[in-house]
Amino acid sequence: MRRPRLFPCILAAAALAAAPAFLGCARGGRESRTPRRGGRLVVALAAPIDALNPLVARSAEAQVAADRLLPRLARPRLPDDGGAPGLEPGLAAAWEVADGGRAVSVALRPGRWSDGTPIVCADLQFTLRAQMSPEIGWRGAGFRQRIERIDCPAPDRAVVRFKAFDPDALLDAFEGNVLPRALDRWSFHSWRTADWVARLVTAGPFRVGPERAGAALSLERDAAWGGASGRPYIDRIDFRVVPDPTARMNELLAGNVDVADGLTPWNAARLAADPDVRIERRRGWSYAYLGWNTIDPAAYADARAAREADCAKRGERDCPDDPQAIAELARRRPHPLFGDPRARRALTLAIDRAALVRELFRGDAEVPASPILAPLPEHDPSLAPWPYDPLEARRLLAAAGFAPGAGGWLVAPDGRPFSFELVYAAAPGARAAAAVEMIRRDLARIGVALHPRAAPPAEYADALARRRIEAWFGGWQVSSRVDTGEILGAPGRGRAGANYGGFADAEADDLAARARTTEGPAARAALWRRWEARFHALQPYTILFRPPRLVGLRTRVRGAASLSADDPLRGVEDWWLEEAPPRRP
């Protein structure tokens, strides 16, 4: 990883393919090196900020807002964002890995919450308790489960202690935002329905401002945060929700917004003609995929009902599934369509993913071979994605017992037609609908009937959590930490995790478990590469594409080269706004 630096223009760093011609320098003259105080930054986001508390929020846009309001101990730098490997300090002034990777000692910077109380080690203890609370059900809890406790030898000192050696000790110790202990006055059961605009105590460069017409959320500069430095330089950030990427582009062209996140390569090509706009491109650290339910839905429903009845008898409010029981269910009662890895591999081979990249991204996206993305050292660069090969797909399906039926449509070994519903979250202007339609046509060519259904985002998320979807179009944002357990391993199986398809493989589980406790980086990378090969063969997901992150900015926004693939406003406390030029006639 490399530390972000300020450049007069940004090109794709270490991109897989050469960037198209529109990814060039910002226009509009020499950038002033003297920050100017004041002004309002208007940011167009693709989806609503569903909660300001990151432990209960589900949208990536909510995390963008939370990182302006709440501190982190430190933040990792993603590969391809520029700079050297390491962590960017936040609330942590200094740190040291101790006890053979079983502890991290942290010295805290002085700071205060918006209620006037100092930020101390007890806030870290409270944050860990909230993160691991089953009542809250934070989706990132798996990254903190190796922590045994946090000791506070002094108010400004913390020692994060792990249950065993942790190769990712620093990343795990610094995961997530720090929350104020003042929130302990409310029960965790109330957090998902709370009004966090009114309740949240903050300690970031911005604080929540009053409601303003046309803005989904307004943040105001917190003068106390930067002290004598005068940072942040911008007085106010207004967030607007503009779901359609072309609409975001048009708002940027019209000068109604200063930052438009989540643009497409087609939008970027159009923006190249405007001298008042520039594009910041980062290699993407998210991917889209098709998920396959590997367990017979009826069998899971019966097992879940029995589990809930057993919990009710014992008076237990929280009733997570047992990962071992789910693995056994996947073995005994596999899904009639997706339980056989040959069928899943055939589905991957039948989808022309290169065509998806050409049509949806103007050729400017990648097709990864696994969820472990390049250039992470745990990724095997010799592992190639499965090609588009419908003939081999037909052969695999025949070997798995699928035979042609009426009209050429395939029939499963149990007599069921190879016909299924694929659910995706409905969103205006999203690429999901176009991608799913192309996939539907590809699968029809080999005799598989896919029936798309767009569901409201809340309904989609609930159906996934309850395992009521046979196949789905989804996406994950990843980081430099490699740990697949939450999405494809034992920790994520059942109702409490994100292994929505119930994928279970003893060899993959063993490789992942060993990789998590192996001390040598080379030996750890070798284990993850073996896990990758297992994923590649079994295809619990069909990974579709890895798009770049394209952020459009008005040229009056200065200092914004600090933004990253995982945060379009990263470093916004150091950005500033030039005086708006007169509008061209």
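Residues numbered from 1 in each chain as written. Predicted model: local features only at pLDDT ≥ 70, side-chain atom pairs only at ≥ 80, totals over all residues. Heavy atoms only, no water.

## Looking at the sheet that holds strand E4 (residues 92-98)
Then comes step 1: Taken together, the four strands give an open sheet; going across it, the order is E4-E5-E7-E6, and neighbouring strands pair in antiparallel fashion. With partners counted over all chains shown, the strands left at the sheet margins are E4 and strand E6 (147-154), one partner each. With direction set aside, neighbouring strand axes in the sheet form an average angle of 20 degrees.
Then comes step 2: With respect to the sheet, helix H2 (residues 121-131) is in contact with strand E5 (103-108), E6 and strand E7 (157-162), its orientation differing from that of E6 by roughly 165 degrees. (Pairing = 2+ DSSP bridges. Helix = DSSP H or I, 4+ residues; strand = E, 2+ residues; numbered from the N terminus. Axes fitted to C-alpha atoms, helices over the stretch in contact; angles between N-to-C directions. Contact = heavy atoms within 4.5 Å.)

## Brief notes about the sheet that holds strand E8 (residues 206-208)
Then comes step 1: Read from one edge to the other, the open sheet built from seven strands follows the order E8-E9-E10-E1-E11-E20-E12, with strand pairing classed as mixed. Every interior strand has two partners, whereas the edge strands, E8 and strand E12 (277-282), have only one.
Then comes step 2: Examined bridge by bridge, strand E11 (residues 259-260) and strand E20 (residues 549-554) share two bridges and lie antiparallel to one another. Its bridge partner being in E20, Val259 is matched across the sheet by Leu553.
Then comes step 3: Across the sheet, helix H6 (residues 245-253) is in contact with strand E1 (40-45), strand E10 (236-241), E11, E12 and E20; its angle to E20 comes to roughly 25 degrees.

## Quick word on the packing of aromatic side chains
Then comes step 1: Inspection of the entire model under this criterion finds 19 aromatic pairs.
Then comes step 2: When the centroid spacing of 6.3 Å and the interplanar angle of 10 degrees are considered together, the rings of Trp476 and Tyr500 count as stacked. Here the residue Trp476 occupies a position in strand E18 (residues 471-477), and Tyr500 occupies one in the loop between helix H15 (485-488) and helix H16 (506-517), the gap between them amounting to 24 residues.
Then comes step 3: A relative accessible area of 17% places Trp476 in the buried class.
Then comes step 4: Residue class for Tyr500 comes out buried when judged on its relative accessible area of 14%.
Then comes step 5: Just above the ring of Trp196 sits the side chain of Arg199; from NZ or CZ to the centre is 5.2 Å. (Phe/Tyr/Trp six-rings, centres within 6.5 Å; stacked < 30°, edge-to-face > 60°. Buried < 20%, exposed > 50% of the residue type's maximum accessible area, 1.4 Å probe, protein only. Lys NZ or Arg CZ within 6 Å of the ring centre and 35° of its normal.)

## A look at the confidence of the model for the chain
Then comes step 1: On average, the chain scores 89 in pLDDT, and the residues at 70 or more come to 92%.
Then comes step 2: Ignoring residues within four places in sequence, the model shows residues 1-31, a span with pLDDT below 50, making 79 contacts including any to other chains. (pLDDT = per-residue confidence, 0-100.)

## Thoughts on the packing of H16 against helix H17 (residues 521-538)
Then comes step 1: One way to put it is that H16 packs onto H17 with a least axis distance of 9 Å and a crossing angle of 160 degrees. The pairing of H16 with H17 is recorded here as roughly antiparallel in orientation. As H16 packs across H17, the resulting crossing turns out to be left-handed. Each of Glu507, Ala508, Leu511, Ala512, Arg514 and Ala515 in H16 lies in contact with H17, whose residues at this interface are Arg524, Leu527, Trp528, Arg530, Trp531 and Arg534.
Then comes step 2: For the contact of H16 with H17, a count of residues per class yields seven nonpolar, no polar and five charged. (Parallel < 35°, antiparallel > 145°, perpendicular 65-115°, else oblique. Left-handed = near helix turned anticlockwise from the far one by under 90°. Nonpolar A, V, L, I, M, F, W, Y, C, P; charged D, E, K, R; others polar.)

## With respect to the side chain of Arg570
Then comes step 1: Residue placement: Arg570 occurs in the loop between strand E21 (557-558) and strand E22 (576-577).
Then comes step 2: Of note is the side chain of Arg570, whose polar atom sits 3.0 Å from the side chain of Glu88.
Then comes step 3: Those residues in contact with Arg570 that sit more than four places away from it in its chain are Arg68, Arg75, Pro76, Arg77, Glu88, Ser562, Leu563, Ser564 and Trp575. (Polar contact = N/O pair within 3.5 Å; in protein donor to acceptor, adjacent residues only side chain to side chain.)

## Examining H2
Then comes step 1: Judged by how many residues are buried, H2 sits mostly within the fold: eight of 11 residues are covered.
Then comes step 2: Regarding H2, the residues found buried are Cys121, Asp123, Leu124, Phe126, Thr127, Leu128, Ala130 and Gln131.
Then comes step 3: Where H2 is buried, its residues touch E5, E6 and E7.

## Re the pairing of E1
Then comes step 1: By the criterion of burial, E1 is predominantly enclosed, with five of the six residues buried.
Then comes step 2: Relative to E10, E1 runs parallel, the two being bridged by six bridges. Note that in E10 the partner of Leu41 across the bridge is Ile237.
Then comes step 3: For E1 and E11, the ladder comprises two bridges, and the chain directions are parallel. Bridge pairing links Ala44 to Ala260 in E11.

## Some details on the side chain of Arg278
Then comes step 1: Residue position: Arg278 is located in strand E12.
Then comes step 2: A polar atom in the side chain of Arg278 sits 2.9 Å from the backbone oxygen of Val557.

## Quick notes on the nonpolar core
Then comes step 1: The biggest cluster of nonpolar side chains holds 67 residues, and the ones touching the most others in it are Leu41, Leu73, Trp191, Phe239 and Trp575.
Then comes step 2: Looking at this core, the element that brings in the most residues is H2, giving five residues.
Then comes step 3: Ignoring any residue separated from it by four or fewer positions in sequence, one finds Leu41 in contact with Ile234, Arg236, Ile237, Asp238, Asp258, Val259, Val557, Leu569, Val572, Trp575 and Leu577.
Then comes step 4: By size, the runner-up hydrophobic cluster in this structure holds 41 residues, among which are Ala288, Ala346, Ala365 and Ala432. (Core = buried A, V, L, I, M, F, W, Y, C linked by side-chain atoms within 4.5 Å.)

## Overview of the environment of Arg161
Then comes step 1: Examined against the element boundaries, Arg161 turns out to sit in strand E7.
Then comes step 2: Each C-alpha atom of the pair Arg161 and Ala60 lies 29 Å from the other, and the pair is 101 residues apart in sequence.
Then comes step 3: For Arg161, the residues in contact, after removing those within four places along its chain, are Arg102, Ala103, Ile147, Glu148, Arg149 and Asp151.
Then comes step 4: Within the structure, the side chain of Arg161 is placed 2.6 Å from the side chain of Asp151, a separation counted as a polar contact.

## Looking at the pattern of salt bridges
Then comes step 1: Tallying each qualifying case throughout the model produces 54 salt bridges.
Then comes step 2: Where Arg440 meets Glu437, a salt bridge forms, and the shortest distance between an N and an O atom there is 2.8 Å. Placement of both Arg440 and Glu437 in helix H13 (residues 432-444) is noted, with a separation of three residues, approximately one turn of the helix.
Then comes step 3: Take Glu437: its relative accessible area is 28%, and that puts it in the partly exposed class.
Then comes step 4: We note a salt bridge from Asp566 to Arg570, for which the minimum N-O separation is 3.7 Å.
Then comes step 5: Look at Asp566 and you get partly exposed, because its relative accessible area is 28%. (Salt bridge = Lys/Arg side-chain N within 4 Å of Asp/Glu carboxyl O.)

## Thoughts on the state of the cysteines
Linking two cysteines covalently through their sulfur atoms gives a disulfide.
Then comes step 1: Applying the stated criterion to the full structure yields two disulfides.
Then comes step 2: The residue that forms a disulfide with Cys121 is Cys152, at a sulfur-sulfur distance of 1.9 Å. An S-S torsion of about -80 degrees defines the bridge between Cys121 and Cys152 as left-handed. In this pair, Cys121 sits in helix H2 while Cys152 sits in strand E6, placing the two residues 31 residues apart along the sequence.
Then comes step 3: Each disulfide pairs two cysteine sulfurs, and for Cys311 the partner residue is Cys319, the sulfurs being separated by 2.1 Å. One disulfide, between Cys311 and Cys319, carries an S-S torsion of 80 degrees and so falls in the right-handed class.
Then comes step 4: Residue classification places Cys311 among the buried positions, given a relative accessible area of 1%. (Disulfide = S-S within 2.5 Å.)

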